[in-house]
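Structural features, examined
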Amino acid sequence: MAGDRSESGEVPLLYSEGNVAARVALEREVRGWSTTELAERVTRAGIRMNQTAVWRIENGTPRRRINLDEALAFSRVFELPLEELMSPPLEGLDIDSRRLVQEAVEAFYEARDARDRLHHAVVAIADHLKAHPDSSRAIHEQCLRLMGDERDARTLSGDIEDGGHY
């Protein structure tokens, strides 16, 4: 289709090595990582890479090629599906917006993981209380001692009595 061609006459690719290079640079910048830090993370993910290789992928002329193993390592390091890493970067979001969204996503997952940990801990204490019902008061007192706030301790004790946090 003529409307899909660039000025050079080439049909733009939905997925391309150029997109991966642009996404590598963008994702690295959003996270505030240096090229050295990204190279170290890729190496820890199982693919040896140095800072120069990252720079040449992002800025080289000609750009350094990316093999499949490296693309998979970048995908793992950035916690992005490979298809997303290969897609053109979204337009309309500046680097600060992307950084804020990244921070919100990370906080969301940290909060979810913390809620899961709390739920499992509360369920374990509730199960313990079933086997040792006489320790209910002592458990509440320990919550109060560790938390230092009566209302918070009462909330946690209530979750324990209900058998879970959710």
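Preceding this paragraph is the structure being described.
Residues numbered from 1 in each chain as written. Predicted model: local features only at pLDDT ≥ 70, side-chain atom pairs only at ≥ 80, totals over all residues. Heavy atoms only, no water.

Structural notes on the environment of alanine 22
- Here alanine 22 lies in helix α1 (residues 17-30).
- With relative accessibility at 34%, the residue alanine 22 sits in the partly exposed group.
- Once the C-alpha coordinates of alanine 22 and methionine 86 are considered, the two residues, 64 residues apart in sequence, prove to be 9.1 Å apart. (Helix = DSSP H or I, 4+ residues; strand = E, 2+ residues; numbered from the N terminus. Buried < 20%, exposed > 50% of the residue type's maximum accessible area, 1.4 Å probe, protein only.)

Brief notes about the nonpolar core
- Membership of the largest hydrophobic core comes to 20 residues, with the highest contact counts inside it found for Leu38, Val42, Met49, Phe74 and Phe78.
- It is helix α4 (residues 68-78) that provides the largest number of residues to this core, a total of five residues.
- If near-sequence neighbours (up to four positions away) are discounted, phenylalanine 78 is found in contact with Val24, Glu27, Arg28, Arg31, Trp33, Leu38 and Leu85.
- Core analysis: the next-biggest nonpolar cluster, separate from the first, contains seven residues, Val122, Leu129, Leu156 and Ile160 among them. (Core = buried A, V, L, I, M, F, W, Y, C linked by side-chain atoms within 4.5 Å. Contact = heavy atoms within 4.5 Å.)

Purely spatial values, then, with no claim about function.
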